[in-house]
Amino acid sequence: MKEVEPLVRQVLAESGFPAIDLQREPWVVARDVAQAVAEGTLPIGKGADFLILELREKWTTPEEIWELNLLIDDGKALRGAPPADGELRQQASKIAEAAPGWRDAPQDPDLLPPD
């Protein structure tokens, strides 16, 4: 996946998203990307691709990211059409809210980075 990283960074930069420090904990990166998708400051497709493709190798994929993947895949397969933007933004919001509780996140609130 290292060969994909420069492309992901370029696409995010072109979308107006601030540089992402991939050296941070994966849950922090996921939270920031998901929050930007939920707020509409990052295009849904770019953020979803990043969450699903780039972060899945960082740790065991959390349930909320799998649900995003299933929403996209099942929406196409079962409905014959992709899910609505609102559904995807709602799932991104769930990812952002859940990220601090993921297994790799510190459980001590004092260790959480500032919002």
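Just so it is clear, the model here is predicted, and its values are computed rather than measured. (Residues numbered from 1 in each chain as written. Predicted model: local features only at pLDDT ≥ 70, side-chain atom pairs only at ≥ 80, totals over all residues. Heavy atoms only, no water.)

(A) Spotlight on the pattern of salt bridges. Evaluation of the coordinates by the stated rule reveals one salt bridge. Arg 31 serves as the salt-bridge partner of Asp 32, at 3.3 Å between the closest nitrogen and oxygen. Residue Arg 31 is classed as buried on the basis of its relative accessible area of 11%. (Salt bridge = Lys/Arg side-chain N within 4 Å of Asp/Glu carboxyl O. Buried < 20%, exposed > 50% of the residue type's maximum accessible area, 1.4 Å probe, protein only.)

(B) Quick look at the side chain of Glu 64. Looking at where Glu 64 falls in the secondary structure, it is placed in helix α4 (residues 63-79). For the buried residue Glu 64, which engages in no salt bridge, the nearest side chain bearing the opposite charge is Lys 94, 9.0 Å off. Sequence-distant contacts of Glu 64, defined by excluding residues within four places in its chain, comprise Gln 91, Lys 94, Ile 95, Ala 98 and Trp 102. (Helix = DSSP H or I, 4+ residues; strand = E, 2+ residues; numbered from the N terminus. Lys, Arg positive; Asp, Glu negative; His and termini not counted. Contact = heavy atoms within 4.5 Å.)

(C) View of the packing of helix α2 (residues 26-39) against helix α5 (residues 85-98). As a packed pair, α2 and α5 sit with axes 8 Å apart at the nearest point and diverge in direction by 150°. Between α2 and α5, the interaxial angle falls into the category roughly antiparallel. Where α2 crosses over α5, the two elements pack in a sense that is left-handed. Note on element contacts: α5 touches α2 through Arg 89, Ala 92, Ser 93, Ile 95 and Ala 96, opposite Ala 30, Arg 31, Ala 34, Gln 35, Val 37 and Ala 38. For the contact of α2 with α5, a count of residues per class yields seven nonpolar, two polar and two charged. (Axes fitted to C-alpha atoms, helices over the stretch in contact; angles between N-to-C directions. Parallel < 35°, antiparallel > 145°, perpendicular 65-115°, else oblique. Left-handed = near helix turned anticlockwise from the far one by under 90°. Nonpolar A, V, L, I, M, F, W, Y, C, P; charged D, E, K, R; others polar.)

(D) Spotlight on α2. With 14 residues, α2 extends 20 Å from end C-alpha to end C-alpha; this agrees with the ideal 20 Å at 1.5 Å per step. Within α2, ten of the 14 residues are buried, which leaves the element mostly enclosed by the surrounding structure. The set of residues buried in α2 consists of Pro 26, Trp 27, Val 28, Val 29, Ala 30, Arg 31, Val 33, Ala 34, Ala 36 and Val 37. The first or second residue beyond α2 is Gly 40, which carries a positive phi of 85°. (Expected span 1.5 Å × (residues − 1).)

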